[in-house]
Amino acid sequence: MNFSSDTSAPAHPNVLKALSAANTGLEASYGIDVVTQRLRARLADVFNTDDFDYWLTASGTASNALALSCFCPPTGAVLCHAGAHIAVDERGAPEFFSGGGKLHLLRGPDGKIGAAQLDEALARINHDFVHETPAHVLSLTNLTENGTAYSVAEVSDYAAKAHATGLVVHLDGARLGNALVATGASAAEMSWKAGVDVLTFGLTKTGAMGCEIILLFGEARQKKRELEARAKRSGHMPPKMRYLAAQAEAMLADRLWLDLATHANEMARRMAEGLRRQGVDLAFEPQGNEVFALLSEAQVSVLHNAGAVFYPWMGGSQRLVCSWATTPEEVDAFLGVLKG
Ligand SMILES: Cc1ncc(COP(=O)(O)O)c(C=O)c1O
């Protein structure tokens with residue numbers, strides 16, 4: 001009964017098989033190997049475009065910080081939700097990598113930036129007023145940190161407004177697969193077609209061992225060299241990149257990543273429905289693989305004593321995360337303990 005995080009889940013067997021298959025012979029280093037180069041075709045297929053460049057890292061924090069640093073100067077800012085991972089859980093990595101760029105925190109319900117808050121923040125940007133820090137980037141997160149999803153229409157609307165004000169749009173897609181399954185959108189619709197310029201596309205939480213892809217779309221490709229230079233400088237240029245690319249290939253083959261995200265979302269739905277049947281309120285409407293349950297202290301302690309693993313979340317709820325490896329039996333066992 002481990003619902004602590006989708007990063008607690010093991011890697012999918014196909015990922016391990018792909019690593020083994022890539023483990024033959026001598027290969028070029030630093031991303032010019034055959035496997036990393038071959039990944040381009042698979043990404044082109046998934047995102048339905050050739051107009052992109054990509055880079056691989058082993059963590060979402062590195063991806064976010066690197067991606068943002070290419071677009072936010074030390075004297076600039078990134079607009080993001082106050083609960084965004086980049087704001088709360090990355091120990092200042094975006095500020096560090098950008099050499100001092102600020103994060104402007106915006107509010108909004110359910111982990112999503114509110115439309116009025118975004119309008120107000122965009123209206124305040126004045127590059128000629130030296131005393132304030134103008135935003136250069138809008139960063140959205142999908143799936144959000146509250147397990148809710150922005151629709152394609154919402155991302156498109158926000159991106160259009162951001163572009164009209166001269167901002168670049170970043171999407172933290174650490175759980176992109178879960179968001180796509182939740183909304184029924186394709187990867188293309190939720191990214192470049194909606195106006196996303198730079199995407200950090202996570203596969204680790206979905207089932208890889210450690211594989212995050214930074215994608216630069218369209219004009220953002222101009223930053224490719226800078227991204228590589230920053231990756232090198234910060235130590236995120238894996239010499240044996242083929243092993244990261246092999247994971248991505250395995251995850252993207254035959255829609256495995258979407259199948260795994262579908263399963264994780266279904267397990268979360270099972271959990272949410274079971275909790276509600278027992279009268280437990282949820283802090284947010286679950287759309288992906290995370291459920292935020294408003295459990296009493298007594299309920300938390302009964303569950304912990306029975307061996308369930310989960311952690312409290314900001315605002316007083318308990319976060320229950322499902323993954324590709326969560327079984328219906330595990331969810332039912334958790335609900336059974338709660339029922340007593
Ligand atoms: C939305 C989001 N973005 C980025 C990350 C960063 O991932 P990592 O732990 O690989 O640095 C996480 C991890 O929990 C996350 O939830």
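Structure: see above.
Residues numbered from 1 in each chain as written. Predicted model: local features only at pLDDT ≥ 70, side-chain atom pairs only at ≥ 80, totals over all residues. Heavy atoms only, no water.

(A) A look at the site of the ligand. Taken together, Ser59, Gly60, Thr61, Asn64, His85, Glu90, Thr141, Glu145, Asp172, Ala174, Arg175 and Lys205 make up all the residues around the ligand. Contacts to the ligand include histidine 85, whose side-chain N or O atom sits 3.2 Å from an oxygen atom. One of the side-chain N or O atoms of glutamate 145 is found 3.0 Å from an oxygen atom in the ligand. Calculation on the ligand without its partners gives an accessible area of 390 Å², and the protein chains cover 81% of this total. Among the elements that take part in the shell around the ligand, helix 3 (residues 60–69) stands out by supplying three residues, more than any other. (Near = heavy atom within 4 Å. Polar contact = N/O pair within 3.5 Å; in protein donor to acceptor, adjacent residues only side chain to side chain. Areas by Shrake-Rupley, 256 points an atom, 1.4 Å probe, with all protein chains shown as cover. Helix = DSSP H or I, 4+ residues; strand = E, 2+ residues; numbered from the N terminus.)

(B) Summary view of the packing of aromatic side chains. Using the criterion set out here, one finds 10 aromatic pairs in the structure. With a centroid separation of 5.9 Å and 65 degrees between ring planes, the pair formed by phenylalanine 96 and phenylalanine 97 is classed as edge-to-face. Where tyrosine 150 meets tyrosine 158, the ring centres are 6.1 Å apart and the plane angle is 70 degrees; that geometry is what we call edge-to-face. Its relative accessible area of 1% is what places tyrosine 150 among the buried residues. In textbook terms, an aromatic cluster arises when at least three aromatic residues are bridged by ring pairs, as seen for Phe47, Phe201, Phe217 and Trp257. Against the face of phenylalanine 52 rests arginine 40, its NZ or CZ located 4.4 Å from the ring centre. Its guanidinium or amino end placed over the ring of phenylalanine 71, lysine 223 lies 5.9 Å from that ring's centre, counting from NZ or CZ. (Phe/Tyr/Trp six-rings, centres within 6.5 Å; stacked < 30°, edge-to-face > 60°. Buried < 20%, exposed > 50% of the residue type's maximum accessible area, 1.4 Å probe, protein only. Lys NZ or Arg CZ within 6 Å of the ring centre and 35° of its normal.)

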